[in-house]
Amino acid sequence: IRLWRFARRHRLIVVPSAAALVLALWITLGAVRASWNASAAIAEGRAAESAGRVDDARQRYLLALQLRPGDADARAGLERAGAEIQRRTDLAETRTRLDREAARLCAEARESLEQVRMLTFKRRQETLECQRTLDSAIQRLESAVGKAPQLPEPHELLGEALLFRA
């Protein structure tokens with residue numbers, strides 16, 4: 001009751017002080033909640049990164065940095081994710097370039113093999129020229145297999161060329 005009387009008499013001081021206290025608590029809880037959310041985002045980023053979902057991990061680390069701009073773990077995770085994305089992009093570009101080179105080599109070797117077929121069946125040219133053409137085709141195909149071992153065509157054509165050699 002005494003406290004109530006004091007508050008009524010000094011309400012010009014007590015009401016703004018109470019409002020300031022509530023506001024301070026609200027801001028503090030918001031900061032704590034943001035910190036918890038940032039920690040959760042970092043943990044989710046690590047989990048996504050270890051599962052190989054690098055784009056998802058990058059998004060989680062960005063969210064953590066928005067919530068806690070100076071967080072070293074989030075910044076390091078973002079750098080790792082960015083480096084992995086760049087590595088995967090470079091690998092895909094290299095694979096595409098090697099596949100194109102292998103396809104070009106196969107096309108050249110296919111022409112050489114066609115010449116060998118014609119020379120073998122028509123027997124109009126000397127055997128030495130046939131052997132040189134065949135060796136050139138085999139060399140191109142071995143290079144194509146080295147550049148793109150996952151493609152079936154260079155293997156198939158190389159087998160055919162080696163059969164001609166035998």
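Residues numbered from 1 in each chain as written. Predicted model: local features only at pLDDT ≥ 70, side-chain atom pairs only at ≥ 80, totals over all residues. Heavy atoms only, no water.

Our focus in this paragraph is helix α3 (residues 54-67). Its 14 residues give α3 an end-to-end C-alpha distance of 20 Å, which sits within 8% of 20 Å, the value for a rise of 1.5 Å per residue. Buried within α3 we find Val54, Ala57, Tyr61, Ala64 and Leu65. Down the axis of α3, the buried set is contained in an arc of 100°. They therefore lie on one face. Opposite its buried face, α3 presents the exposed residues Asp55 and Gln66, each directed more than 90 degrees away. (Helix = DSSP H or I, 4+ residues; strand = E, 2+ residues; numbered from the N terminus. Expected span 1.5 Å × (residues − 1). Buried < 20%, exposed > 50% of the residue type's maximum accessible area, 1.4 Å probe, protein only. Arc of directions from axis to C-beta.)

It is worth spelling out the environment of Arg58 at this point. Structurally, Arg58 is set in helix α3. Judged by relative accessible area, which is 33%, Arg58 ranks as partly exposed. In this structure, the C-alpha to C-alpha distance between Arg58 and Arg46, residues 12 residues apart in sequence, is 9.5 Å. In contact with Arg58, not counting residues within four places along its chain, are Leu78, Ala81 and Ile85. (Contact = heavy atoms within 4.5 Å.)

Moving on, we get to the packing of helix α5 (residues 127-147) against helix α6 (residues 152-165). For the pair α5 and α6, the least separation of the axes is 9 Å and the interaxial angle reads 155°. Between α5 and α6, the crossing angle belongs to the class labelled roughly antiparallel. At the point where α5 passes α6, the crossing takes the left-handed sense. Contacts between α5 and α6 involve Gln131, Leu134, Asp135, Ile138, Leu141, Glu142, Ala144 and Val145 on the former and, on the latter, Pro154, His155, Leu157, Leu158, Ala161, Leu162, Phe164 and Arg165. Classifying every residue of the contact of α5 with α6 by side-chain character gives 11 nonpolar, 2 polar and 3 charged. (Axes fitted to C-alpha atoms, helices over the stretch in contact; angles between N-to-C directions. Parallel < 35°, antiparallel > 145°, perpendicular 65-115°, else oblique. Left-handed = near helix turned anticlockwise from the far one by under 90°. Nonpolar A, V, L, I, M, F, W, Y, C, P; charged D, E, K, R; others polar.)

Turning next to the nonpolar core. One broad rule of soluble globular proteins: the nonpolar side chains tend to lie buried together. Leu113, Leu134, Leu141 and Ala161 are the most contacted members of the largest nonpolar core, which has 18 residues in total. Put simply, the parts of the chain that give this core at least two residues each are α4 (72-122), α5 and α6. If we ignore the near neighbours within four places in the chain, the residues touching Leu113 are Leu134, Ala137, Leu141, Leu157, Glu160, Ala161 and Phe164. Counting 8 residues, the second-largest nonpolar core is a separate cluster that includes Ala48, Tyr61, Leu65 and Ala74. (Core = buried A, V, L, I, M, F, W, Y, C linked by side-chain atoms within 4.5 Å.)

A word on the confidence of the model for the protein chain. For the protein chain, the average pLDDT comes to 83, and 85% of its residues sit at 70 or higher. The secondary-structure element of the protein chain with the lowest mean pLDDT is helix α1 (residues 2-9), recorded at 72, while α3 shows the highest, at 89. (pLDDT = per-residue confidence, 0-100.)

On inspection of all chains with the given rule, the structure shows 14 salt bridges. For Asp71, the salt bridge identified is with Arg68, shortest N-O distance 3.1 Å. In this structure, Arg97 engages Glu101 in a salt bridge whose closest nitrogen and oxygen atoms are separated by 3.0 Å. Here Arg97 pairs with Glu101, and both are found in helix α4, just 4 residues apart, close to one helical turn. (Salt bridge = Lys/Arg side-chain N within 4 Å of Asp/Glu carboxyl O.)

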